[in-house]
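# Examining the three-dimensional arrangement
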Amino acid sequence: MCHFGMAKSILITGGARSGKSLFAERSIAKMGGAPTYIATARPQDDEMDVRIAAHKARRGAEWGLVEEPLDLIGALRASDTGPRLVDCLTLWLTNLMLAEADWRAAVDEVAGVLPTLDHPVVFVTNEVGLGIVPANALARRFRDAAGTVNQTIADAADEVFLVVAGQPLKVKPGAA
Amino acid sequence: MCHFGMAKSILITGGARSGKSLFAERSIAKMGGAPTYIATARPQDDEMDVRIAAHKARRGAEWGLVEEPLDLIGALRASDTGPRLVDCLTLWLTNLMLAEADWRAAVDEVAGVLPTLDHPVVFVTNEVGLGIVPANALARRFRDAAGTVNQTIADAADEVFLVVAGQPLKVKPGAA
Amino acid sequence: MCHFGMAKSILITGGARSGKSLFAERSIAKMGGAPTYIATARPQDDEMDVRIAAHKARRGAEWGLVEEPLDLIGALRASDTGPRLVDCLTLWLTNLMLAEADWRAAVDEVAGVLPTLDHPVVFVTNEVGLGIVPANALARRFRDAAGTVNQTIADAADEVFLVVAGQPLKVKPGAA
């Protein structure tokens, strides 16, 4: 089944442990079709490994898995056989920044490709800009970049949700 | 007057100085009955003392006071004679973690008891997960735990509000 | 055209790089009249200079500019010839605290003057209280003060918006 540019794109944002991934998985489950999990994480430490294993156990066996820390466009195209869950944009941004890649160009490219996809995609991202201004210049650059990434994808997406304490709040389209 | 499991439970979350406590006190006032303030704070420093004194002065004389840093279930049962305001879950979590208690079991127990209470309860908590990932591992553990506590109580509560600049935004039940 | 106390006041809050300023500029553009940008920033470093230049280029030539780091009341009166955009309250608070001025009195005065203004005003501010409690006492004082400033202006304003990933969410007046 092909929609040629009519597949829905959703951005899900929120704080750490706010229930974003679970809400994303439930949104994908409602869409039907064989889902693919596009993991942008680069397992580097034990904390991350534990979290990734917990997510994997929760999703279940029907999910395909693509691990892609940098080439999100390639991953979106390669897995174009059902709804995709990209988890998450902030780790992808971290990877791009560490690789000294042009993250602005990369996020613009992802935003540009959204209307052309044949299958729905759900992006998970993080809000990192609602605390005190970080003392560290790199942290300030990262939070500015993350805000720009979130705005860019939100602008291109059909729906945007803020998840608070596990409760999804639709912010796009907004209330009339 | 006893409702036997029909008493309303509300979770109020938000950032520091966002007006959570004032909104919680007003919500309690609308419920009628002799209210009890369940303080989970352990006065440890001057900053906290000043804040507690300001809250106390604002509430007024009709409020009962229970100070309970750890045994929240016990405090909820002991004060079961009118609406209760628990302020706040994040300090309770801090106390449990410092005491090396099983905070997951404790929060599951509180969530489980909500549908059985005879009188309404309003929980105040904090959003702590919307800033940059803390450099400190203990801070990361705490913010993950706080997110889990908030999700667990929000899931069990009848209503959830996010307070922003003093303005309550209902996130559960959500808009249709 | 004078409204004598009927001019609308709006508070726009959100995280870093959430799209607050752009939404504020668009809100002003809808109001008509010659707009004035009241900049509270004190250009101190290169990061800030770059950001201010980008905002200026985006706004366009029809905007007047008032740079006023401390006397916001004076700036609001002096520029009373069209809609005003105050960007932002948190930098103004920073300046007041650095000058050891009475910021509580100053924000109460601004809140008090809102109903008397002849032309609309849009305030941009920042949410800084949704991360982990800062280790630094000055940062804690600042985030408490910022929360108080936001509550005070939100209480006096006609409308309050939280901007998330570029999407405005109306929090005042709230949903019925």
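Quick caveat, the model's predicted, so the values are computed rather than measured.

Moving on, we come to the side chain of K20 of chain A. Residue and element names in this part refer to chain A. Tracing the chain through its elements places K20 in helix 1 (residues 20-31). An unpaired buried charge is present at K20: no salt bridge exists, and D87, the closest side chain of opposite charge, is 6.9 Å distant. At 2.8 Å, the side chain of K20 forms a polar contact with the backbone oxygen of G15. A polar side-chain atom of K20 sits 3.3 Å from a polar atom in the side chain of N126. With residues up to four places along the chain from it excluded, the contact list for K20 reads I12, T13, G14, G15, V124, T125, N126 and V163.

Turning our attention to the UniProt feature "active site" (unreviewed entry) in chain A. All names here are of chain A. What UniProt calls "active site" (unreviewed entry) maps, in this numbering, to H55. Tracing the backbone shows H55 in helix 2 (residues 46-59). By relative accessible area, H55 is classed as buried at 17%. Other than its neighbours up to four places away in sequence, H55 contacts S21, Y37 and D87.

With 22 residues of chain B at the contact, the number on the chain C side is 21 residues. Of the roughly 1,600 Å² buried at the junction of chain B and chain C (both faces included), carbon and sulfur atoms supply 62%. Area buried by chain B at its contact with chain C is led by R17, A165 and Q167 of chain B, which between them contribute 34% of it. For the interface between chain B and chain C, the tally reads one salt bridge. The residue R17 of chain B makes a salt bridge to D144 of chain C at a minimum N-O spacing of 3.7 Å. Counting every contact that joins chain B to chain C gives five residue pairs in polar contact (both at pLDDT 80 or more).

Next up on the list: the interface of chain A and chain B. With 22 residues of chain A at the contact, the number on the chain B side is 22 residues. In total, chain A and chain B occlude about 1,600 Å² of area from one another, counting both sides; carbon and sulfur atoms represent 62% of this. Looking only at chain A, the three residues that lose the most surface to chain B are R17, A165 and Q167 of chain A, adding up to 33% of its buried area. Counting the contacts that link chain A with chain B gives one salt bridge. Here chain A and chain B share five residue pairs in polar contact (both at pLDDT 80 or more) between them. For the side of chain A that touches chain B, the elements supplying multiple residues, two or more each, are helix 2, helix 6 (137-156) and strand 7 (167-172) of chain A. Taken together, the residues of the side of chain A that touches chain B sort by class into nine nonpolar, eight polar and five charged.

This part takes up the relation of the copies chain A and chain B. Superposition of chain A onto chain B requires a rotation of 120 degrees combined with a translation of 0.0 Å along the rotation axis, giving an RMSD of 0.0 Å. The superposition operator between the copies reduces to a three-fold rotation axis. When C-alpha positions in chain A are compared against the rotation axis, the closest is assigned to G131 of chain A, at 2.5 Å.

Moving on, we come to the packing of helix 4 (residues 89-98) of chain C against helix 6 (residues 137-156) of chain C. All names here are of chain C. Interaxial distance between helix 4 and helix 6 falls to 10 Å at its minimum, and their mutual angle equals 125 degrees. Judged by the inter-axis angle, helix 4 sits oblique to helix 6. In the crossing of helix 4 with helix 6, the sense of the turn from one axis to the other is right-handed. Seen from helix 4, the contacting residues are L89, T90, L93, T94 and M97; seen from helix 6, they are R141, F142, A145, A146, V149 and I153. A breakdown of the residues in the contact of helix 4 with helix 6 according to their chemical character gives eight nonpolar, two polar and one charged.

A few words on the layout of surface pockets. The volume enclosed by the second largest pocket comes to roughly 1,100 Å³. Taken together, 35 residues form the lining of the second largest pocket, with L169, K170 and A175 of chain A, A175 of chain B together with L169 of chain C sitting closest to its centre. Put simply, the parts of the chain that give the lining of the second largest pocket at least two residues each are helix 1, strand 6 (159-164) and strand 7 of chain A, strand 7 (167-172) of chain B together with strand 7 (167-172) of chain C. A per-class count over the lining of the second largest pocket returns 23 nonpolar, five polar and seven charged.

Once that is clear, we can look at the packing of aromatic side chains. Pairs of aromatic rings are described using the distance from one ring centre to the other and the angle between the two planes. Residues and elements named next belong to chain A. A full pass over the atoms with the stated rule returns six aromatic pairs over all chains. Aromatic pair Y37 and W63: ring centres 6.4 Å apart, planes at 75 degrees, arrangement edge-to-face. Placement of Y37 in strand 2 (residues 36-39) and of W63 in the loop between helix 2 and strand 3 (64-67) is noted, with a sequence separation of 26 residues between them. The same class applies to Y37 and to W63, which are both buried.

What follows is about empty space enclosed by the protein. Per the counting criterion, the structure on display carries five cavities of 30 Å³ or more. Space inside the largest cavity adds up to approximately 210 Å³. In terms of lining, the largest cavity is formed by 23 residues, of which the most central are L130 of chain A, L130 and L162 of chain B together with L130 and L162 of chain C. The set of elements that each furnish at least two residues to the lining of the largest cavity consists of strand 6 of chain A, strand 6 (159-164) of chain B together with strand 6 (159-164) of chain C. When grouped by side-chain class, the residues that make up the lining of the largest cavity number twelve nonpolar, eight polar and three charged. Volume-wise, the second largest cavity comes out at about 90 Å³. If you go around the second largest cavity, you meet 14 residues; those closest to its centre are A16 and R17 of chain A together with E127, G147 and N150 of chain B. In terms of residue class, the lining of the second largest cavity is built from four nonpolar, seven polar and three charged.

What follows covers helix 5 (residues 103-113) of chain C. Looking only at helix 5 of chain C, the buried set comprises W103, A106, V107, V110, A111 and V113 of chain C. Structurally, helix 5 of chain C contributes buried residues whose contacts are with helix 3 (72-78), helix 4, strand 5 (121-124) and helix 6 of chain C.

What follows is about unusual backbone geometry. Residue and element names in this part refer to chain A. Here the amide bond leading from D87 into C88 is cis, since omega sits at 5 degrees, within 30 degrees of zero. Relative to the helices and strands, C88 is located in the loop between strand 4 (84-87) and helix 4 (89-98). Following K172, the chain continues to P173 via a peptide bond in cis, the omega torsion being -10 degrees. Of note, P173 is situated in the segment after strand 7. Here the phi dihedral of R17 falls at roughly 50 degrees; this positive angle occurs in a residue that is not glycine.

In this structure the tally under the stated criterion is nine salt bridges over all chains. In this structure, E159 of chain B and K170 of chain B form a salt bridge, with 3.9 Å as the shortest nitrogen-oxygen distance. Of this pair, E159 of chain B sits in strand 6 while K170 of chain B sits in strand 7, placing them eleven residues apart in sequence. Classification of K170 of chain B as partly exposed rests on a relative accessible area of 38%. Connected through salt bridges with shared partners, the residues K8, E159 and K170 of chain A form a single ionic network.

Criteria and thresholds
- Residues numbered from 1 in each chain as written.
- Chains lettered and ligands numbered in written order.
- Predicted model: local features only at pLDDT ≥ 70, side-chain atom pairs only at ≥ 80, totals over all residues.
- Heavy atoms only, no water.
- Helix = DSSP H or I, 4+ residues; strand = E, 2+ residues; numbered from the N terminus.
- Buried < 20%, exposed > 50% of the residue type's maximum accessible area, 1.4 Å probe, protein only.
- Lys, Arg positive; Asp, Glu negative; His and termini not counted.
- Salt bridge = Lys/Arg side-chain N within 4 Å of Asp/Glu carboxyl O.
- Polar contact = N/O pair within 3.5 Å; in protein donor to acceptor, adjacent residues only side chain to side chain.
- Contact = heavy atoms within 4.5 Å.
- UniProt positions renumbered as here; feature names shortened; annotations may be inferred.
- Buried area = accessible area lost by both parts, 1.4 Å probe.
- Nonpolar A, V, L, I, M, F, W, Y, C, P; charged D, E, K, R; others polar.
- Least-squares fit on C-alpha atoms with pLDDT ≥ 70 in both.
- Axes fitted to C-alpha atoms, helices over the stretch in contact; angles between N-to-C directions.
- Parallel < 35°, antiparallel > 145°, perpendicular 65-115°, else oblique.
- Left-handed = near helix turned anticlockwise from the far one by under 90°.
- 1 Å grid on protein atoms, 1.4 Å probe; cavity = no way out; pocket = protein on both sides within 12 Å on 5 of 7 lines; lining within 4 Å.
- Points joined across faces, edges and corners; volume = space filled by probe spheres on them.
- Phe/Tyr/Trp six-rings, centres within 6.5 Å; stacked < 30°, edge-to-face > 60°.

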